[in-house]
Amino acid sequence: MSHARPLLSTVAAIALKPRPRTAPAPSLLSSTAATSVFSHTANKLSSFPSTSPLRYASTTATSTASASTTLQQGQRRFPLKLTIPIATLVAGTALYNYSDLFRHKALAVRRVLLAAEAVVVTGYDYKYSLGYGNRDLNKDDPEDEKERKARKSRLHQRSAERVMRMMRENGGIYIKLGQHLASLKYLLPSEWTRTMEPLQDRCSPSSIESIQALFLSDLGQPISEIFSSFDLTPIGVASLAQVHKATLKETGEQVAVKIQHPALNEFSEIDMATISQLASFIAYAFPDFEFFWLSEEIQDNLPRELDFRFEARNSARTAANFDRARAEGDLSTVKVPGVFWAQKRVLVMEFMNGSRIDDVEYLKRNNILVSEVSKEMARTFSQMIYKDGFLHCDPHPGNVMIRPTPADSPSHRNFEIIILDHGLYRELSPEFRLDYARLWTAVMASDEEAIKRHALSLGGIDAYELFTCILTGRDWNVIQDAKLTKQVRNKEETSKISTGAGNWLVEIADILARVPRDLLLLFKTNDLLRALDEDMGADDGAQMRTFAVMGQYCAQVIFEAEKNDVKKSLVSTATATVSTAKATAVAATATTAVVVSTWTRGIGAWCKAYCKFLYKTLSLDVFVWWIDLS
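Residues numbered from 1 in each chain as written. Predicted model: local features only at pLDDT ≥ 70, side-chain atom pairs only at ≥ 80, totals over all residues. Heavy atoms only, no water.

Caption draft 1: View of the overall build of the protein. In terms of regular secondary structure, the protein is built from 23 helices and 12 strands. Relative to its full complement of 630 residues, the protein shows a buried share of 44%. Summed over its atoms, the accessible surface of the protein is roughly 33100 Å², and 58% of this surface lies on carbon and sulfur atoms. (Helix = DSSP H or I, 4+ residues; strand = E, 2+ residues; numbered from the N terminus. Buried < 20%, exposed > 50% of the residue type's maximum accessible area, 1.4 Å probe, protein only. Areas by Shrake-Rupley, 256 points an atom, 1.4 Å probe, with all protein chains shown as cover.)

Structural data, given as structure tokens:
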């Protein structure tokens with residue numbers, strides 16, 4: 001705040017400068033004054049011959065005396081009028097520069113006012129523009145209907161830009177919120193999601209001075225005591241943190257140092273409370289729209305994302321899950337950077353070279369096929385969802401890197417997929433995973449009755465068509481015509497979905513308010529993965545491989561569940577039979593016959609489930625082979 005201190009000095013100097021004493025006003029009877037006034041008046045009025053100079057001089061002398069008296073009174077009152085504002089300015093400037101508490105409260109109020117202004121003005125704009133603003137348009141006139149749509153599009157665009165400017169100005173959590181809005185392509189109009197997309201990549205870095213202060217406050221040591229080298233320019237900047245390349249002083253190893261933006265800790269609580277209150281305002285102003293789920297998600301997840309010790313634990317657990325999968329014979333290209341140590345706001349991890357996964361030129365230079373990358377991403381996240389039940393919920397391109405396979409890598413491809421930013425995860429229960437697998441199986445088979453049944457079971461939703469469109473990011477006609485696994489989403493379908501999102505906004509918001517929280521993050525994850533495929537230029541074949549891989553994992557989950565059901569049935573029936581035999585003294589031969597019958601039925605059920613699983617997986621293997629061949 002160096003610019004404020006000269007202002008303080010200047011204001012103080014002006015306020016404290018001694019005032020020169022003013023000479024007493026001359027008497028009205030003074031000849032000097034009379035002569036002076038007369039001469040002045042005569043000169044002034046020489047161009048008005050009809051005016052009597054003497055009479056005018058007398059009048060002017062009286063007026064001048066009055067003005068002189070008024071001037072004297074004004075000179076006495078003028079400093080008093082400025083005393084309060086000058087004192088306030090001086091005190092406010094001093095407090096802002098020298099009181100951390102005052103500065104924090106002043107900046108917090110400013111952030112709240114910026115957010116409130118953007119949301120309230122946007123709410124009023126929607127209320128006015130969609131109602132009274134269209135009073136001159138006729139609903140039955142086709143040209144007026146086109147104009148109505150054009151006005152609505154302009155309304156969406158200017159509103160999104162207004163909110164985005166506020167988010168950029170406030171930074172921190174608001175950037176995170178903007179990134180989340182950018183991923184809601186199944187809910188928000190395209191003008192909103194497109195405007196918010198730059199927030200995913202263009203974040204402002206924190207100053208090196210604030211980073212140094214963070215190290216001193218959190219670790220008690222300067223950066224130079226921990227690292228022998230530390231690049232001052234960050235290699236990556238996100239909404240919550242930035243990453244610097246460094247070398248550990250003790251071991252000489254190159255590391256990536258993830259450092260939370262220092263300002264986040266100062267304003268995170270007030271920002272979360274503000275977002276919650278603004279969600280309440282939206283619900284009040286627009287009763288048909290329910291957005292509390294968005295603020296609830298932020299309040300539930302953000303505290304964990306702001307504590308890098310959770311991220312370190314999530315990272316270690318994910319790495320162990322994929323290591324175990326490889327030991328069991330599953331293929332994987334995943335690499336999770338190892339963590340050296342973690343504090344709440346500082347994380348030191350293994351440094352890895354590579355590029356963003358959507359860098360198509362990098363893929364070409366290293367002979368990496370987009371189709372294989374797409375398939376491995378599907379395999380990676382299918383394992384997280386269906387097998388491990390521990391899901392990374394923020395797989396945007398900035399959090400996923402790719403590199404050619406190193407010499408000692410267990411990857412079966414010529415590349416490794418590096419997963420970063422393990423702050424946002426979700427635990428999925430076995431029951432949820434089973435319902436989710438059955439739903440996706442029904443969707444891929446275009447089984448409308450099964451879709452309806454599982455949508456109700458999983459999400460408690462009757463509007464299964466709209467629910468399925470949100471889940472898949474595809475048009476209902478594509479799903480109904482069994483084209484989901486056969487063609488990639490094109491621009492025409494994307495445009496149709498965006499238009500539909502605007503027309504069905506109330507119904508979509510209602511679904512999102514009612515579904516389980518786990519499903520909300522899965523919607524987001526699915527949409528990010530679809531967008532990633534499109535950014536890489538994945539073709540129809542890559543899309544079909546993705547669904548084939550997912551179908552195999554779904555089949556595995558369903559088979560394991562049916563196998564467990566058969567096992568439980570056998571054990572419970574056998575136990576009940578033996579207990580009944582002991583209690584009623586039934587003959588041993590009869591008991592044996594019941595047990596044998598029960599086991600026969602159980603083995604038959606197991607064989608049936610296994611044959612279904614085998615048929616499903618083999619048919620999907622043949623399907624992938626046919627895609628590769630063609």
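Caption draft 2: Just the environment of His422, in detail. Looking at the secondary structure, you find His422 in the loop between β11 (415-419) and β12 (425-427). A residue is classified by how much of its surface remains accessible, and His422, at 3% relative accessible area, is buried. C-alpha of His422 to C-alpha of Glu305: the two residues are 117 residues apart in sequence and 8.4 Å apart in space. What His422 contacts, discounting residues up to four positions off in sequence, is Glu311, Asn314, Ser315, Thr318, Val336 and His392. At a separation of 2.7 Å, a polar atom in the side chain of His422 contacts the side chain of Tyr425. (Contact = heavy atoms within 4.5 Å. Polar contact = N/O pair within 3.5 Å; in protein donor to acceptor, adjacent residues only side chain to side chain.)

Caption draft 3: Focus on empty space enclosed by the protein. A full pass over the atoms with the stated rule returns 4 cavities of 30 Å³ or more. Taken as a whole, the largest cavity spans an internal volume of roughly 350 Å³. Considering the residues around the largest cavity, the lining is formed by 22 residues, among which Asn526, Leu529, Arg530, Thr546 and Met550 are closest to the centre. For the lining of the largest cavity, the element with the most residues is helix α14 (residues 370-388), which contributes 7 residues. Along the lines of polarity and charge, the residues of the lining of the largest cavity split into 11 nonpolar, 6 polar and 5 charged. One number sums up the size of the second largest cavity: a volume of about 220 Å³. If you trace the second largest cavity, you find 17 residues lining it, with Lys176, His180, Glu305, Leu424 and Lys524 closest to the centre. Contributions of two or more residues to the lining of the second largest cavity are made by α6 (173-182), α11 (292-305) and α21 (517-536). Among the elements that make up the lining of the second largest cavity, the one with the highest residue count is α11 (5 residues). Counted by class, the lining of the second largest cavity contains 6 nonpolar, 6 polar and 5 charged residues. (1 Å grid on protein atoms, 1.4 Å probe; cavity = no way out; pocket = protein on both sides within 12 Å on 5 of 7 lines; lining within 4 Å. Points joined across faces, edges and corners; volume = space filled by probe spheres on them. Nonpolar A, V, L, I, M, F, W, Y, C, P; charged D, E, K, R; others polar.)

Caption draft 4: Structural detail: the sheet that holds strand β10 (residues 400-404). The strand order across the open sheet formed by 4 strands is β5-β11-β10-β8, and the pairing between neighbours is mixed. Every interior strand has two partners, whereas the edge strands, β5 (334-335) and β8 (355-356), have only one. Where β8 meets β10, 2 bridges bridge the pair, whose relative direction is antiparallel. Within the sheet, the bridge partner assigned to Ser355 lies in β10 and is Ile402. Contacts from α14 reach β5, β10 and β11 within the one sheet, and its direction differs from that of β11 by about 45 degrees. (Pairing = 2+ DSSP bridges. Axes fitted to C-alpha atoms, helices over the stretch in contact; angles between N-to-C directions.)

Caption draft 5: Structural context of the environment of Glu560. Within the secondary structure, Glu560 sits in helix α22 (residues 540-584). Under the relative-accessibility criterion, Glu560 is labelled partly exposed at 30%. Distance in space between the C-alpha atoms of Glu560 and Phe613 is 9.4 Å, their sequence separation being 53 residues. In terms of polar contacts, Glu560 uses its side chain to reach the side chain of Gln556, at 2.8 Å. In terms of polar contacts, Glu560 uses its side chain to reach the side chain of Lys563, at 3.3 Å.

Caption draft 6: Molecular detail of unusual backbone geometry. Unlike most non-glycine residues, Asn367 shows phi in positive territory, near 55 degrees. Tracing the sequence through the fold places Asn367 in the loop between α13 (360-365) and α14.

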